[in-house]
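Coordinates in review
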Amino acid sequence: MAVRVDLRTTASLLGTVLKGLAWPLGVLALVALGYGESPVPFAAPLVPSVVLGEGLERLERGDTGPREAFLLVALAWLSVALVGSIPFVLAGTGVLAHPVNALFESMSGITTTGATVILAFEVHSRSILLWRSVLQWLGGLGILVLAVGLLSRLSVSGAQLMETETQTRNVTKLTPRIAGTARLLGGLYVGLTALLVLVLLGLRVVGMAPNMGPYNAVAHALTTVSTAGFSPEPASVGAFSPAVQWVVILFMIVGATNFVLLYYLAHGDPSRLRESEEFRFYLAILASATGLIVAALAFEEGVSGLDTVRHAVFQAVSIFTTTGYATVDFDAWPPLARHVLLIGMFVGGMAGSTTCSIKTLRWLVVAKAFRRDLFTAIHPEAIRPIRLSGRPIDEGTIRDVYTYTLVSVVIFAFLTVFVIVDAARVGLALGEFEAMGAAASTFLNIGPAFGIAGPYGSYESFPVSTKLVMIVLMWVGRIEIVPVLVLFTAAFWRS
Amino acid sequence: MSWSHVDWRASVGLVGRVLKYLSAVLLVPFGVALFYGEDVPTFAAAFAVTVAIGIGLERVDPDPDLGSREGFLMVALTWLVVALVGTIPYLLAGFFGTESTLAQPVNALFESMSGFTTTGATVMGEISLDRHSHAILLWRQLTQWLGGMGIVVLAVAILPELSVGGAQLMDAEAPGPGIQKLTPRIAETARVLWLAYLGFTLLEMVLLYGLHLVGLAPNMDLFNAVSHPLTTMPTGGFSPEARSIEAFSAAVQWVIIPFMIAAGTNFALFWHVLNGEPERLFRDTEFRSYAGVIGVLTAVIAGLLFTGIGISANPSAVPPIIGAFEDSVRHAAFNVVSIVTTTGYANMDFNTWGAPAKYLLLFAMFIGGSAGSTGGAIKIVRWVVIVKSLRRELFTTVHPEAVSPVRLGGRVIDERAIRGIYAFTLLYLVFFFVATVLVVTDAWRVGYQVTAFESMSAVAATLGNVGPGFGVVGPMNSYLGFPATSKLLMTFLMWIGRLEILPVLVLLTPAYWRT
């Protein structure tokens with residue numbers, strides 16, 4: 001084991017990540033040229049990121065232990081967010097000209113949050129709006145590699161459970177090496193994105209989606225499969241036909257499903273997906289949330305046919321999968337529906353997917369552990385391991401899951417108070433519910449919230465200090481808290 | 001024994017016996033009623049009915065034999081039945097014509113449960129001696145005093161038949177994870193706890209009335225001097241004064257603060273102090289954290305009040321605090337201690353405070369007093385263990401090969417206990433969120449205007465047995481406006497909050513009732 005954290009190795013790996021950014025930046029520069037827009041915002045950061053990346057990459061590379069991995073993960077998201085904000089600043093249009101806004105948008109992108117500071121979409125060029133979507137797609141790809149390749153091997157906050165759930169003692173069994181696993185899941189991710197582009201264009205060809213051009217098809221596919229939620233349309237997915245909305249619902253659900261299970265499904269083995277307890281739990285939660293919302297809407301205004309149901313399903317799926325699209329301003333919904341959505345922000349999709357938040361796997365374990373505690377309270381002599389899809393879970397893992405869930409809720413509570421107090425300081429009128437929504441939506445990487453930060457609003461009017469704190473917490477939330485928290489312990493840096 | 005059917009008759013029989021003896025307490029307000037010549041028939045009838053119910057329930061099983069499952073049922077039922085029976089004086093007083101809001105059965109149950117669980121949330125429309133008799137107001141205080149140290153603990157102390165299974169019963173009732181046996185015999189431990197409790201209560205009565213006699217507390221007459229200690233020591237918070245402790249002088253407020261702090265301390269520590277080991281109090285990790293939390297919160301809020309940042313309302317509408325040192329410290333200390341210990345008194349309407357100070361108080365509602373105290377909510381010791389366990393997790397994440405147990409005061413904590421603490425804390429928060437949504441939805445259903453923040457504070461204050469919240473449920477207001485369904489929900493929250501959820505929740509599992 002390394003005696004102390006090996007900074008050179010970390011820096012070298014980070015260099016590879018930075019160098020990799022040259023590809024999306026290059027593509028966007030070409031896209032900008034194609035639309036007759038200035039390629040400078042993308043070409044300018046391309047050069048330093050290649051030079052810096054190349055320089056760092058040359059550093060001596062040793063073994064990558066847990067500490068190097070944590071540091072790499074934390075730094076990678078941070079530095080990509082910084083580089084990603086450069087095009088926004090250089091383009092200099094609208095609110096994105098302000099560096100804090102640019103960084104907010106970029107971090108919101110790379111963490112697949114989907115919280116935006118933009119209210120006036122029309123002032124921004126098409127390439128800049130596409131860059132937002134590309135950042136989210138990259139963030140989704142990064143998290144797949146991270147969740148499957150790294151976190152599940154480092155026994156972090158119960159992420160190792162995924163191995164139990166996917167019924168591979170070790171994910172590397174999928175193929176011999178992590179890199180191979182990551183490549184397979186990455187391939188699946190690319191494939192799903194391409195499939196969605198084709199489906200959306202197909203709908204247009206058959207006349208069911210008149211305004212879904214190639215640009216919109218690509219932009220939305222990039223942010224659907226990554227369960228991220230940026231849209232170049234001010235009305236989000238509400239701008240498109242019901243057929244498009246149903247397709248997007250389906251792909252959000254797929255994006256929030258464990259990719260290892262999807263991989264087996266794609267290779268003709270649906271049994272693993274069927275047998276996954278988490279998958280059933282996830283679908284059951286989605287169904288009951290939708291049911292509650294339909295009931296609340298029906299109580300308030302009566303059901304107006306399939307439209308009410310579609311809106312309920314869309315919003316529930318969008319929030320529970322941490323995507324953050326909207327087809328209707330759900331901020332105007334009755335309290336019950338809005339509270340179901342707020343609670344949904346804490347649920348998230350399946351582990352091993354592109355979703356954020358606490359995730360259904362952890363809630364499933366928490367629920368099972370509660371039931372076990374109730375049982376052992378009556379039968380103290382009984383010994384009952386907790387099982388997931390038939391396999392026993394280690395007691396240390398259960399504790400990790402508890403810790404993670406509790407820490408998330410506590411951080412959320414502190415962020416809420418900070419948002420409120422900071423808003424009061426500058427005289428911004430903000431209700432507690434709106435503050436809670438904004439805090440949960442950024443920290444848990446959902447995107448829109450309620451009130452001024454609603455689906456058709458923006459985070460622009462929050463004070464700069466609040467935006468900076470939200471930027472940090474989007475980062476912390478996306479990489480599952482622990483990789484950042486450990487950096488603040490003395491044990492991490494000591495030999 | 002533990003794999004057979006639940007012998008619910010035994011539980012019910014024992015509840016009846018407890019109730020029979022408990023009815024003697026009703027003789028106190030009866031005496032007061034005779035003295036003032038008010039509500040005499042109310043308390044005579046209440047006493048008769050309570051004794052009759054007690055004897056009736058006892059008949060169900062005259063010779064109860066409790067197993068572990070019957071114990072859960074007995075503890076949960078005791079609190080439910082006592083709260084139900086506690087409504088009788090309110091209902092009868094209403095029947096005999098006070099036109100109080102407590103004449104409504106749901107309100108009466110809310111007030112009674114709030115009393116016994118030492119919550120201190122009220123639905124009285126008007127708290128004054130003009131509308132209510134001395135006896136009724138004293139009964140409110142007494143319900144809190146009885147609930148404070150625990151009805152089951154009291155039963156274990158005085159009923160010889162509970163000396164065997166008493167430890168398990170006390171464990172189900174006592175606040176915090178696990179009880180400390182102070183003496184070899186559990187009945188004796190129960191007696192020690194109740195005696196310490198009684199001693200503190202009497203001492204506070206003497207001090208308060210003493211202040212009145214030397215002229216430092218003009219309106220702290222004998223009735224008030226007796227009433228307030230009855231709700232200070234159980235961290236209850238009911239007051240016969242509509243303005244709570246604001247009605248009294250600064251000297252009274254300073255006297256009440258240390259008694260609230262004592263009430264939120266683990267009573268086992270006082271036993272050690274009395275046994276000549278006072279250093280154990282200051283060495284205790286939980287007590288130090290508890291004192292630290294109170295100290296830090298008081299300092300921050302005092303600073304906010306002193307500088308005026310903490311006052312949101314029109315400063316001229318609130319007592320002159322800004323720039324007044326003693327006033328700032330006293331108001332900060334009093335309300336912080338009141339909320340952290342889950343008492344629920346107030347010496348000013350903290351609704352007039354600004355957002356930062358109010359949110360600190362809302363957080364404090366989740367901290368709670370010490371284990372083994374009369375305080376409610378999550379309890380300091382659980383938070384201490386959670387923080388230590390989190391630090392351990394971060395350490396083992398970096399050093400996966402390291403084995404580092406979590407220690408508290410030098411003793412290693414069992415991993416199962418740590419998991420139990422996590423489970424309870426999470427369950428508590430889940431109940432909090434779900435109940436908040438239900439309250440908001442219920443208010444929306446009937447069109448009652450209440451904000452998300454007010455609903456949250458109402459749920460936190462009832463589940464944590466604190467009492468007042470913010471806005472419509474602020475310290476000078478009441479829970480009266482909520483729809484009956486919400487009041488019933490909150491009554492339930494107070495009940496499970498006092499018993500720390502698990503003993504009630506197990507009754508709802510099929511495994512409990514199966515053979």
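Calculation criteria
Residues numbered from 1 in each chain as written. Chains lettered and ligands numbered in written order. Predicted model: local features only at pLDDT ≥ 70, side-chain atom pairs only at ≥ 80, totals over all residues. Helix = DSSP H or I, 4+ residues; strand = E, 2+ residues; numbered from the N terminus. Rg over C-alpha atoms; globule rule 2.2 N^0.38 Å. Buried ≥ 20, exposed ≤ 12 C-beta atoms within 10 Å, placed from the backbone. Contact = placed C-beta atoms within 7 Å. pLDDT = per-residue confidence, 0-100. Domains from an automatic or database assignment. Nonpolar A, V, L, I, M, F, W, Y, C, P; charged D, E, K, R; others polar. Core = buried A, V, L, I, M, F, W, Y, C linked by C-beta atoms within 7 Å. Expected span 1.5 Å × (residues − 1). Axes fitted to C-alpha atoms, helices over the stretch in contact; angles between N-to-C directions. Parallel < 35°, antiparallel > 145°, perpendicular 65-115°, else oblique.

1. Details of the overall build of chain A
Assigned secondary structure in chain A consists of 21 helices and two strands. Taking 495 residues into account, the globule formula puts the C-alpha radius of gyration at 23 Å, and chain A, at 22 Å, falls close to it. Considering only C-alpha atoms, chain A reaches an extent of 70 × 65 × 55 Å along its principal axes. The 495 residues of chain A split such that 55% are buried. Sequence separation of 24 or more characterises 73% of the internal contacts of chain A that already satisfy a separation of 6 or more.

2. Structural notes on the confidence of the model for chain A
Put simply, chain A has an average pLDDT of 88, and 92% of its residues get 70 or more. Counting contacts from residues 167–176 of chain A, a segment whose pLDDT is below 50, to residues more than four positions away or on other chains yields 22 contacts.

3. Side note on the domain arrangement of chain A
Residues and elements named next belong to chain A. Domain annotation of chain A identifies domain 1 (270–344) and domain 2 (366–493). Between the C-alpha centres of domain 1 and domain 2 the distance comes to 21 Å. Each partner contributes to the interface: domain 1 provides 12 residues, whereas domain 2 provides 15 residues. Of the residues in the side of domain 1 that touches domain 2, the class split is four nonpolar, three polar and five charged.

4. Some details on unusual backbone geometry
The phi dihedral of Thr322(A) falls on the positive side, at around 60 degrees, and the residue is not glycine. Its location among the elements puts Thr322(A) in the loop between helix H14 (306–320) and helix H15 (335–344). Given 32 C-beta atoms within a 10 Å radius, Thr322(A) is considered buried. Its identity as a non-glycine residue notwithstanding, Ser244(B) has a phi of 55 degrees, on the positive side. Along the polypeptide, Ser244(B) turns up in the loop between helix H10 (222–232) and helix H11 (250–263). The class of Ser244(B) is buried, set by 25 C-beta atoms lying within 10 Å.

5. Some points on the nonpolar core
Counting residues in each nonpolar core, the largest one holds 316 residues, and the members touching the most others are Val156(B) and Val336(B). The element contributing the most residues to this core is helix H4 (residues 68–98) of chain B, with 15 residues. For this core, the two domains that each supply at least three residues are domain 1 (270–344) and domain 2 (366–493) of chain A. The contacts of Val156(B), once residues within four sequence positions are left out, are Leu162(B), Gly166(B), Leu169(B), Met170(B), Ile186(B), Ala187(B) and Ala190(B).

6. A closer look at H11(B)
In this model H11(B) runs 20 Å from its N-terminal to its C-terminal C-alpha over 14 residues, within 8% of the 20 Å that 1.5 Å per residue would give. Taken residue by residue, H11(B) has Val252(B), Val255(B), Ile256(B), Ile257(B), Phe259(B), Met260(B), Ala262(B) and Ala263(B) as its buried positions.

7. Let's talk about the environment of Leu265(A)
Residue and element names in this part refer to chain A. In this fold, Leu265 is placed in helix H11 (residues 259–266). Judged by the 18 C-beta atoms lying within 10 Å of it, Leu265 is partly exposed. For Leu265, the residues in contact, after removing those within four places along its chain, are Pro270 and Leu273.

8. A closer look at the environment of Leu361(B)
Residues and elements named next belong to chain B. Of note, Leu361 is situated in helix H16 (residues 355–367). When the C-alpha atoms of Leu361 and Ala458 are compared, they prove to be 13 Å apart, with 97 residues separating the residues in sequence. Leave out the neighbours within four places in its chain, and Leu361 touches Asn335, Ile339 and Phe350.

9. A word on the packing of helix H9 (residues 186–213) of chain B against helix H12 (residues 267–274) of chain B
Residues and elements named next belong to chain B. Orientation of H9 relative to H12, taken along the N-to-C sense of each, is 85 degrees, at an axis distance of 10 Å. With respect to H12, the element H9 is oriented roughly perpendicular. Judged by residue contacts, Val192, Leu193, Ala196 and Tyr197 of H9 engage Phe267, Phe270 and Trp271 from H12. The class makeup of the residues in the contact of H9 with H12 is seven nonpolar, no polar and no charged.

10. So, the interface of chain A and chain B
Residue-level contacts link 41 residues of chain A with 40 residues of chain B. At the level of elements, helix H4 (66–91), H15, helix H16 (360–378), helix H17 (395–426), helix H18 (432–443), helix H20 (482–485) and helix H21 (490–493) of chain A are the ones that each hand at least two residues to the side of chain A that touches chain B. A per-element tally of the side of chain A that touches chain B places H17(A) first, with 14 residues. Here the side of chain A that touches chain B is composed, by residue class, of 28 nonpolar, seven polar and six charged.

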